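Remarks on the overall topology
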Amino acid sequence: MSDTPQYGFDTLQIHAGARPDPATGARQTPIYQTTAYVFRDADHAAALFNLQEVGYIYSRLTNPTVAVLQERLATLEGGVGAVCCSSGHAAQIMALFPLMGPGKNVVASTRLYGGTITQFSQTIKRFGWSAKFVDFDDLDAVREAIDDDTRAIFGESISNPGGYVTDIRAVADVADAAGLPLIIDNTSATPYLCRPIEQGATLVVHSLTKFLTGNGTVTGGVIVDSGQFDWSASDKFPSLSEPESAYHGLKFHETFGPLAFTFHGIAVGLRDLGMTLNPQSAHYTLMGIETLSLRMERHVQNAETVAKWLENDPRVASVTYAGLDSSPYAERVSRCYPKGAGALFTVQLKDGYDACVKLVDSLEIFSHVANLGDTRSLIIHSASTTHRQLTPEQQEAAGASPDMVRLSIGIEDASDLIADLDQGLAKATA
Ligand SMILES: *Cc1c(COP(=O)(O)O)cnc(C)c1O
């Protein structure tokens, strides 16, 4: 199927990027479990290695199963290309890699997945990169944090763990004015609830591990490229605008135009960093995406029902779900996220830390795991697990205080989820 944009989301989530297998007619995308591909002759091999012809060389760079997934994700997000990687964290490094250099910084939201805060505040220092964390609701603070060495702005659409929602258009305007790319982690929203490129984002990253695969079987990531950023407008992005010595002086932006970032991601990023997604995982993710809209609708419906019940429960101090009418983000949700605010939020218990730990141990349907975006409902006490490496101030800012648990609402019967929480809260507060 050609990627004709007139098809609706539900059609594209099943068909985009896929064709019946040319060799066998197989309708489902085969798992091309191969490391290498036979060259037609020596000239063909040389043209592929010189990037003069596009084709398959070696599965660290490209693989036909992974290529279908890349095309599907690019289509669903409204981008021109995508690069899949071995995890969501790999996708973040791969997104920053062509933009950053020693001494350069990324301006990032304080409300990020705990692992991302650790990656940005600790690990990237080893590359000579740094991050400045600011509240993305305070646009002046974002503006003030940007300096001559800033190379990217990074935030989450619906943030983990609190489920707060970002006004992407407003942050994109700040990034545009500074001539910088905006990278949005769209893991918790998925392209069904939010398409960051339509709201001005340059790159979209995902952990495929979560809602996109949707059933807790895969670790994977992707970067989707909007193709809309002018990498040559300043001298800030030499990896894309200047001659690349590893390709005989080829200039990616001049040669590949809107696909410069995508080609660089494969030809340099995957080639040299090797954070490759395997074809088996790509296949599972393709299967998951076929039902993305159906699952997300039910995730949202259940999250709204469960959050409303929790908000009215006397044992609960507060619920952060942005989809509640009482949320300070309610107006932003209706304006920027009209299909709903996702299925991830935190619950604060009046009885504090001990009650949180007891609740986690008392639930029967909810699984206690460090994951989200599964068909199954999940719970975790962020402060003692995913956000454990953070300072109390960082925990607070991220929405992961010790008296809070994070819920990822699945697609089971909402009444069963409520009954389970009710019995768990009874034990936790006894
Ligand atoms: C899980 C997650 C990541 C990291 O993805 P992995 O696939 O676990 O590496 C990044 N961002 C968000 C919002 C996540 O939920």
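This write-up is about the structure you can find in this document. This structure is a prediction, so every number in the text was calculated from the model and none was measured.

1. Description of the overall build of the chain
If you tally the helices and strands in the chain, you get 17 helices and 14 strands. Against the 2.2 N^0.38 benchmark of 22 Å for 430 residues, the chain shows a C-alpha radius of gyration of 22 Å, consistent with a compact globule. If one aligns the C-alpha atoms of the chain with their principal axes, the spans along those axes are about 75 × 55 × 35 Å. For the chain, buried positions account for 57% of its 430 residues. Carbon and sulfur atoms make up 51% of the accessible area of the chain, which amounts to about 17,100 Å² in all. Between the centroid of the 31 positive side chains of the chain and the centroid of its 49 negative side chains there is a distance of 2 Å.

2. Some points on the layout of surface pockets
Considering only enclosed or pocket space, the largest pocket measures out at about 750 Å³ in volume. Along the lines of polarity and charge, the residues of the lining of the largest pocket split into 17 nonpolar, 6 polar and 5 charged. When its volume is computed, the second largest pocket comes out at roughly 230 Å³. Residue lining of the second largest pocket: 17 residues in total, with Gly-88, His-89, Tyr-113, Ser-207 and Lys-210 positioned closest to the centre. Looking at the lining of the second largest pocket, the elements that each hand over two or more residues are α4 (88–96) and β6 (203–207). Of the residues contributing to the lining of the second largest pocket, the split by class is 2 nonpolar, 12 polar and 3 charged.

3. Regarding helix α13 (residues 292–311)
Compared with the 28 Å implied by 1.5 Å per residue over 20 residues, the 28 Å span of α13 between its first and last C-alpha is a close match. Restricting attention to buried positions, one finds in α13 the residues Leu-292, Ser-293, Arg-295, Met-296, His-299, Val-300, Asn-302, Ala-303, Val-306, Ala-307 and Leu-310.

4. Here we look at the state of the cysteines
Overall, the coordinates contain 0 disulfides when judged by the stated rule. Sulfur of Cys-85: no disulfide; nearest cysteine sulfur belongs to Cys-84 and is 7.0 Å away. No disulfide involves Cys-336; its sulfur sits 8.2 Å from that of Cys-194, the nearest cysteine.

Procedures and definitions
- Residues numbered from 1 in each chain as written.
- Predicted model: local features only at pLDDT ≥ 70, side-chain atom pairs only at ≥ 80, totals over all residues.
- Heavy atoms only, no water.
- Helix = DSSP H or I, 4+ residues; strand = E, 2+ residues; numbered from the N terminus.
- Rg over C-alpha atoms; globule rule 2.2 N^0.38 Å.
- Buried < 20%, exposed > 50% of the residue type's maximum accessible area, 1.4 Å probe, protein only.
- Areas by Shrake-Rupley, 256 points an atom, 1.4 Å probe, with all protein chains shown as cover.
- Lys, Arg positive; Asp, Glu negative; His and termini not counted.
- Charge placed at Lys NZ, Arg CZ, Asp CG, Glu CD.
- 1 Å grid on protein atoms, 1.4 Å probe; cavity = no way out; pocket = protein on both sides within 12 Å on 5 of 7 lines; lining within 4 Å.
- Points joined across faces, edges and corners; volume = space filled by probe spheres on them.
- Nonpolar A, V, L, I, M, F, W, Y, C, P; charged D, E, K, R; others polar.
- Expected span 1.5 Å × (residues − 1).
- Disulfide = S-S within 2.5 Å.

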